[in-house]
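# Structural description and commentary
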Amino acid sequence: MSLSTAAPANEALAPIAPDRRVFQWHDHASLWFSLGVGLLVMQVGAYLMPALGTKEALIAIVTGSIVGAGLLGWVAKLGADSGLASAGLMHAVYGRTFASLPIILNIVQLVGWGTFELVVMRDATVAIAQQSGGIASGAHWPVLATLLWGGVVMLLISGSMVQLVRKVIARVALPLVVLSLLWLSWQFLSLAQAQGFEALWTRKGEGGLGVLPALDLVIAMPISWLPLVADYARHGRSGGSALRGTWLGYALANMWCYSLGVLVALTLPSQDLVQALLLAQGGLIALSLILIDEVDNAYGDAYSGAVSAHSLLPRWGVRRWGLAMAAVCTALALVLPMHSLEPFLLLLSSVFVPLFGVILGRLAFGTDAPALLVKARAVNAVPVAIWLLGVAVYHLAPKVAAEAGSWACLTR
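## What to know about helix α14 (residues 318–335)
- A rise of 1.5 Å per residue sets the reference length of α14, with its 18 residues, at 26 Å; its end C-alpha atoms lie 26 Å apart and thus fit the reference within 8%.
- Turning to α14, the residues buried within the fold contact α5 (100–131), α6 (140–157) and α13 (295–312).

Structural data, given as structure tokens:
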């Protein structure tokens, strides 16, 4: 599709044709393993220490990853079975007019998270370059790094998402990032062995964070991708393969990165995870490869934001909206203090847990989503009421039972 040609139809609100559904289970697994790997995930893993004991942290990591990735896989199945993007699922459940509200909220949060990803990549790039002696300190280096990564995202989004997943991520990026994780894991396990593995394994927590809140932190990572997963899974050949591939890929990545964060915090305590990783032997190369893999997170935000924007204003195609999203994220990364805006993004993200809980409850047991979309009213009052009640309970529950934790501390 030419960037200058108006889209002839609303692609986001129409099912993908069967002959265009090419993703198999390993494509889903490759994509979501890659998206599950990230510096932010490791940072949250390190945050579990020293409040929790080592065994408690690993129980929370394994259990939370299985539960959270399972929910992600369930929504992926809906996308693959129906061929609908997230915007289409929202229209089918909440009504054609009211769905605009969560879609707009999703676009806002995706712009925010896409900007945040560029800031993370910028900071890591500057740290790696300084560690390698390539640059000295200077205000212009962060600007150049931001423009570099923003340009990479724009370049990727100008191509085919399907080809990117099947040829670039599955065949190139995934093997490199797995090798990087293996190398870093080996280095920090060796460090743990030298320090006394038994003592680290039996270490008790210092308190300040319970197991249930820790479980919430782990589940929060896959849950934060709920508004995006159908945009990719709709290209899957079957719902079962989308469920299995998404669940397996993300669960493995989440467990690995959280556990690596815990291991780094145990063996080389530091307020800066990037600096701690750089101190490992070969850490510069390994971290650089993980940083390259981080690009697909920013790409994922921009692409899904483009699909959502196209659903509202179909005159622009998905690719054109994607370029606009990437450009906006790059511009905001240059001027906004994103770390101070993170609480707002977390608050905004929290509305999507009950939102997709209602979608799962409505569609997960065989309801024909495309048929429901065709017959959708302007506003479906019952799902809307349940969603708003869910948001209220979601935020009030921690105030009533603080020890239960809250997924409102979403991050990724």
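Don't stop here, the text continues.
## Overview of the pattern of salt bridges
- All told, the structure shown has three salt bridges when counted by the stated rule.
- R166 is the partner of D27 in a salt bridge, and the nearest nitrogen-oxygen pair spans 3.7 Å. In this pair, D27 sits in helix α1 (residues 25–36) while R166 sits in helix α7 (residues 161–201), placing the two residues 139 residues apart along the sequence.
- Residue R166 is classed as partly exposed on the basis of its relative accessible area of 27%.
- A salt bridge links D81 to K77; its shortest N-O distance comes to 2.7 Å. A residue pair is termed a helical-turn pair when its members lie 3 or 4 positions apart in one helix, as D81 and K77 do in helix α3 (residues 54–82) at four residues.
- Of the residues examined, K77 reaches a relative accessible area of 28% and is grouped as partly exposed.

## Comments concerning the packing of aromatic side chains
- Here the structure, examined in full by the defined rule, presents 12 aromatic pairs.
- Considering the side-chain rings of W74 and F365, the 6.1 Å spacing of their centres and the 85° angle between planes classify their relative orientation as edge-to-face. Within this pair, whereas W74 is found in helix α3, its partner F365 is found in the loop between α16 (352–363) and α17 (369–374), the two being separated by 291 residues in sequence.
- With a relative accessible area of 31%, W74 lands in the partly exposed category.
- One aromatic cluster is present, formed by W32, W225, Y232, Y250, Y299 and Y303 through successive ring pairs.

## With respect to the side chain of S304
- Structurally, S304 is set in helix α13.
- On the accessibility criterion, S304 (0% relative accessible area) is buried.

## Thoughts on the confidence of the model for the protein
- The predicted model of the protein has a mean per-residue pLDDT of 86, with 90% of residues at 70 or higher.
- Scored below 50 in pLDDT, residues 1–7 shows 13 contacts in the model against residues more than four places distant or in partner chains.
- Below pLDDT 50 for its whole length, residues 407–411 participates in 24 contacts with residues either more than four positions away or in separate chains.

## Some words on helix α9 (residues 226–233)
- Extensive coverage of α9 is indicated by the burial of eight of its eight residues.
- For α9, every residue scored as buried is listed here: L226, P227, L228, V229, A230, D231, Y232 and A233.

## Some remarks on the layout of surface pockets
- As a volume, the second largest pocket reaches approximately 500 Å³.
- Lining of the second largest pocket is provided by 23 residues; of these, E11, R20, H235, Y303 and V318 occupy positions nearest its centre.
- Broken down by secondary-structure element, the contributors of at least two residues to the lining of the second largest pocket are α7, α13 and α14.
- If one sorts the elements of the lining of the second largest pocket by residue count, α13 sits on top with four residues.
- Its residues placed into classes, the lining of the second largest pocket shows 14 nonpolar, five polar and four charged.

What counts, and where the lines are drawn
- Residue numbers here run from 1 along each chain, matching the order of that chain's written sequence.
- In keeping with the predicted nature of the model, local features appear solely for residues at pLDDT of at least 70, side-chain atom pairs appear and are counted solely at 80 or more, and the whole-chain, interface and lining totals rest on all residues.
- Side-chain calculation: all heavy atoms of the structure are included, whereas hydrogens and water are not.
- Note on conventions: DSSP H or I runs of at least 4 residues are helices, E runs of at least 2 residues are strands, and numbering of each starts at the N terminus.
- Multiplying one less than the number of residues by 1.5 Å gives the expected span of a helix.
- The contact definition used throughout considers only heavy atoms, calling two residues in contact when any of these lie within 4.5 Å.
- Should a side-chain nitrogen of Lys or Arg be within 4 Å of a carboxyl oxygen of Asp or Glu, the pair is scored as a salt bridge.
- The cut-offs for exposure are 20% and 50% of the maximum accessible area for each residue type, with area from a 1.4 Å probe on protein chains only; residues under the lower value are buried, those over the upper are exposed, and the others partly exposed.
- Any Phe, Tyr or Trp ring, taking Trp's six-membered ring, that has another such ring centre within 6.5 Å forms a pair; planes under 30 degrees apart are called stacked, those over 60 apart edge-to-face, and the others tilted.
- The pLDDT score gives, residue by residue, the confidence of the prediction method on a 0 to 100 scale.
- Any residue with an atom within 4 Å of a point lines the site, the site being either a cavity, points on a 1 Å grid over the protein atoms alone where a 1.4 Å probe fits but cannot get out, or a pocket, an open set with protein on both sides within 12 Å along at least 5 of 7 lines.
- Grid points are joined across faces, edges and corners, and a volume is the space filled by probe spheres set on the points.
- Each residue is assigned to one class: nonpolar for Ala, Val, Leu, Ile, Met, Phe, Trp, Tyr, Cys and Pro, charged for Asp, Glu, Lys and Arg, and polar for all the others, Gly among them.

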